[in-house]
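Analysis of the macromolecular model
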Amino acid sequence: MFISTAYAATGEAGGSMFSDPTFWVAIAFVAFFALIFYLKVPGKLVAQLDARADRIRSELEEAKRLREEAQELYADYQRKAEEAAKEADAIVAHAREESTRLAEKMRKDMEDSLNRRKAQAESKIAQAEQQAIEDVRNRAVDIATHAAANILREEMKGSSGTALIDNAISDIGKHLH
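Residues numbered from 1 in each chain as written. Predicted model: local features only at pLDDT ≥ 70, side-chain atom pairs only at ≥ 80, totals over all residues. Heavy atoms only, no water.

**As for the overall build of the protein chain**
Defined as follows: Counting from the N terminus, the helices are DSSP H or I runs at least four residues long and the strands are E runs at least two residues long. Type-normalised accessible area, obtained with a 1.4 Å probe on protein chains alone, sets the label of each residue: buried when under 20%, exposed when over 50%, and partly exposed for intermediate values. For the area figures, the Shrake-Rupley method with a 1.4 Å probe applies, and any residue is considered shielded solely by the protein chains shown.
Along the backbone of the protein chain there are four helices and zero strands. Scored against the burial criterion, the 177 residues of the protein chain give a buried share of 6%. When the accessible surface of the protein chain is summed, it comes to about 15300 Å², and 62% of that surface belongs to carbon and sulfur atoms.

This is the structure:
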């Protein structure tokens, strides 16, 4: 039908069908598709496309599996990081408590040490004070005894005075000490 329309348009009614280029294009077209179907190109093309689709599908499944695995690893690492952060916070809190406790203990020990040293110093001062008072008293007694002995010797001369003075002097020393 196309061929006769093409002849009618050109005005060549008497020409042969084999001399018409449209006929040969149609023959080449049919031969081309016959050859393609004879060589089973569509089946091979479909098989190749199916193989590629299968390969892409398996790569997608592998990518999905790797993604899920990566998400699990990421979640695991996040959990471990949170646990490590909590553990670090606990260690820091424990260290703070321990340092506070040690500081309080050191303060108390220092206070106790200072109180002991203060008590020792006060004791030494009291002993020194007591010793000084005793030394002054002994010195005063010695001076008073010596002065009294000199005065009595001057006023009481003779053997009876001397004996009386010696007895009084020895009695004074015993009473004052």
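**Observations concerning the confidence of the model for the protein chain**
Defined as follows: Per-residue confidence from the prediction method is given by pLDDT, with values spanning 0 to 100.
When the pLDDT values of the protein chain are averaged, the result is 85; 84% of them are 70 or greater. Model confidence for the protein chain, summarised as mean pLDDT per element, is weakest for helix 1 (residues 2–10) at 50 and strongest for helix 3 (residues 41–155) at 91.

**Quick word on the packing of aromatic side chains**
For clarity, the threshold we go by: Side-chain rings of Phe, Tyr and Trp (the six-membered ring for Trp) are treated as a pair once their centres are within 6.5 Å; stacked means planes under 30 degrees apart, edge-to-face means over 60, and tilted covers the remaining angles.
Tallying each qualifying case throughout the model produces five aromatic pairs. Each ring, one from Phe 18 and one from Phe 23, has its centre 5.3 Å from the other, and the planes form 80°; the classification is edge-to-face. For Phe 18, a relative accessible area of 52% puts it in the exposed group. A residue is classified by how much of its surface remains accessible, and Phe 23, at 11% relative accessible area, is buried. Aromatic pair Phe 32 and Phe 33: ring centres 5.5 Å apart, planes at 75°, arrangement edge-to-face.

**Regarding the side chain of Thr 145**
This is how the line gets drawn: Here, residues are in contact when the closest pair of their heavy atoms is within 4.5 Å.
Take Thr 145: it is sitting in helix 3. When residues no more than four places from it in sequence are discounted, the contact partners of Thr 145 are Ile 169 and Ile 172.

**Focus: the pattern of salt bridges**
Where we set the bar: Just to be clear on terms, a salt bridge is a Lys or Arg side-chain nitrogen sitting within 4 Å of an Asp or Glu carboxyl oxygen.
Under the criterion given, the structure shown has 11 salt bridges. Of the charged contacts, one joins Arg 57 and Asp 54 as a salt bridge, the two residues approaching to 2.6 Å between their closest N and O atoms. Of this pair, Arg 57 and Asp 54 both sit in helix 3, three residues apart, roughly one helical turn. By relative accessible area, which is 45% here, Arg 57 ends up partly exposed. Relative accessible area serves as the criterion here: at 43%, Asp 54 is assigned to the partly exposed category. One network of salt bridges, with partners in common, ties together Asp 76, Arg 79, Lys 80 and Glu 83.

**Observations regarding unusual backbone geometry**
For Lys 40, which is not glycine, the phi torsion reads 60° and is therefore positive. Among the secondary structure elements, Lys 40 is positioned in the loop between helix 2 (21–38) and helix 3. Classification of Lys 40 as exposed rests on a relative accessible area of 58%.

**Quick look at the environment of Phe 18**
Summarising the element assignment, Phe 18 is placed in the loop between helix 1 and helix 2. Beyond its immediate sequence surroundings of up to four residues, Phe 18 is in contact with Phe 23 and Trp 24.

**A short note on a nonpolar patch on the surface**
Quick reminder of the rule: A patch is a set of surface residues, each over 30% in relative accessible area and not in a salt bridge, joined within 9 Å for like charges and within 5 Å for the nonpolar side chains Val, Leu, Ile, Met, Phe, Trp and Tyr.
A cluster of nonpolar side chains, contributed by Leu 35, Tyr 38, Leu 39, Val 41, Leu 45 and Leu 49, occupies part of the molecular surface with about 620 Å² of accessible area. Looking at the nonpolar patch, the elements that each hand over two or more residues are helix 2 and helix 3. With three residues, helix 3 is the single largest residue contributor to the nonpolar patch. Its place among the elements puts Tyr 38 in helix 2.

**Topic: the environment of Ser 170**
Checked against the element boundaries, Ser 170 lands in helix 4 (residues 159–176). Given a relative accessible area of 36%, Ser 170 falls into the partly exposed group. For the pair Ser 170 and Thr 145, spaced 25 residues apart in sequence, the C-alpha separation works out to 9.2 Å.

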